[in-house]
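The chain contents come next:
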Amino acid sequence: GAVVSQHPSRVICKSGTSVKIECRSLDFQATTMFWYRQFPKQSLMLMATSNEGSKATYEQGVEKDKFLINHASLTLSTLTVTSAHPEDSSFYICSATHWTGSSYNSPLHFGNGTRLTVT
Amino acid sequence: DAKTTQPTSMDCAEGRAANLPCNHSTISGNEYVYWYRQIHSQGPQYIIHGLKNNETNEMASLIITEDRKSSTLILPHATLRDTAVYYCIVRANTGNQFYFGTGTSLTVIP
């Protein structure tokens, strides 16, 4: 089955620094990738949608200048949390799909998440 | 926004069938219903999806009502490893997004 790899699985950083999280599709071309954030005991919240070669589309309330998303290739998307603060500590999860315009019948494939702790 | 409602939690005895309900009364005609589960501190795992017909795979069965306003995920013989949060998702047909609701926390009891 389709595999999405996310790296790192855990990261601890100091307040004010930036952190980059990578999401790779290992055996398929990911035309579309999604980034989610999950706080403890809560559901996944969609942050943004990125299409390869295009600017990401952010959900309402998500700061695009704080959460920089790059999707420069069909197998890699990155999320950079800039000037991280303790309130950015969360579980970040990516997902990917090969979108053909009629792919509502195809599941999204999720990475295993990145636990970010900002001290 | 999520278009589904699920019970917050359920218990199931090991070896018995687990039936997880989901309401999606505002679903549109061409929107699919997807089920995922999430074990603690992992990414969501795909289980099954369907449009109108009932579906079955090696993990579970999906029963969708004729009016498509609700569905039930059935794990035929629950094991302790099935303890997880189960999410029922209606995939948006105006884009490609999956919006997660609150899910059902299933606990399989020995």
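Refer to the structure above for everything that follows.
Note that this is a predicted model, so its numbers are computed, not measured.

Chemist: Is there a simple way to think about the interface of chain B and chain A in this case?
Modeler: How big an interface is tends to be stated in terms of accessible area lost as the parts join. Between chain B and chain A, the contact holds 23 residues from the first and 24 residues from the second. Contact between chain B and chain A buries roughly 1800 Å² in total, counting both sides, with carbon and sulfur atoms accounting for 52%. For the chain B face of the interface with chain A, the top three residues by lost area are Arg91(B), Asn96(B) and Phe100(B), together amounting to 25%. Across the chain B-chain A interface, the total number found is seven residue pairs in polar contact (both at pLDDT 80 or more). Sort the elements by how many residues they give to the side of chain B that touches chain A and strand 3 (residues 33-38) of chain B lands first, with three residues. Of the residues in the side of chain B that touches chain A, the class split is ten nonpolar, twelve polar and one charged.

Chemist: Would you take a moment to explain the side chain of Ser25(A) for this structure?
Modeler: Residues and elements named next belong to chain A. As for its placement among the helices and strands, Ser 25 is situated in strand 3 (residues 19-25). Overall, Ser 25 belongs to the buried group, its relative accessible area being 4%. Of note is the side chain of Ser 25, whose polar atom sits 2.8 Å from the backbone oxygen of Phe 28. Among the polar contacts made by the side chain of Ser 25, one reaches the main-chain carbonyl oxygen of Leu 74 at a distance of 3.4 Å.

Chemist: Even after reading the chapter, I still don't get the nonpolar core, so can you show me in this structure?
Modeler: A general trend in soluble globular proteins is that nonpolar side chains are found buried together. With 24 residues, the main nonpolar core has Trp35(A), Phe67(A), Leu79(A), Tyr92(A) and Leu116(A) as its most contacted residues. For this core, the secondary-structure elements that each account for two or more residues are strand 2 (10-13), strand 3, strand 4 (32-38), strand 5 (45-51), strand 7 (67-73), strand 8 (76-81), strand 9 (90-97) and strand 11 (114-118) of chain A. In this structure Phe67(A) touches Arg37(A), Met47(A), Tyr58(A), Val62(A), Leu79(A), Thr80(A), Val81(A), Asp88(A) and Tyr92(A), once residues within four positions along its chain are discounted. Ile27(B), Trp35(B), Ala84(B) and Leu106(B) belong to the second-largest nonpolar core, a separate cluster that totals 21 residues.

Chemist: In this structure, what is going on with the state of the cysteines? I would like to understand it.
Modeler: Such a bond, covalent and formed between the sulfur atoms of two cysteines, is termed a disulfide. All told, the structure shown has two disulfides over all chains when counted by the stated rule. The partner cysteine of Cys23(A) in its disulfide is Cys94(A), sulfur to sulfur 2.0 Å. With the S-S dihedral at roughly 80 degrees, the linkage between Cys23(A) and Cys94(A) falls on the right-handed side. Of this pair, Cys23(A) sits in strand 3 while Cys94(A) sits in strand 9, and the two are 71 residues apart along the sequence. There is a disulfide in this structure between Cys22(B) and Cys88(B), and the S-S distance comes to 2.1 Å. Its S-S torsion of approximately -80 degrees makes the covalent link between Cys22(B) and Cys88(B) left-handed. Of this pair, Cys22(B) sits in strand 2 (residues 18-23) while Cys88(B) sits in strand 8 (residues 84-90), and the two are 66 residues apart along the sequence.

Chemist: Hey, could you run me through the environment of Thr65(B) in this one?
Modeler: All names here are of chain B. Assignment of secondary structure puts Thr 65 in the loop between strand 6 (61-64) and strand 7 (70-75). Linking Thr 65 and Leu 75, residues ten residues apart in sequence, is a C-alpha distance of 17 Å. Side-chain polar atoms of Thr 65 contact the backbone nitrogen of Lys 69, separated by 3.4 Å.

The rules behind these values
Residues numbered from 1 in each chain as written. Chains lettered and ligands numbered in written order. Predicted model: local features only at pLDDT ≥ 70, side-chain atom pairs only at ≥ 80, totals over all residues. Heavy atoms only, no water. Contact = heavy atoms within 4.5 Å. Buried area = accessible area lost by both parts, 1.4 Å probe. Polar contact = N/O pair within 3.5 Å; in protein donor to acceptor, adjacent residues only side chain to side chain. Helix = DSSP H or I, 4+ residues; strand = E, 2+ residues; numbered from the N terminus. Nonpolar A, V, L, I, M, F, W, Y, C, P; charged D, E, K, R; others polar. Buried < 20%, exposed > 50% of the residue type's maximum accessible area, 1.4 Å probe, protein only. Core = buried A, V, L, I, M, F, W, Y, C linked by side-chain atoms within 4.5 Å. Disulfide = S-S within 2.5 Å.

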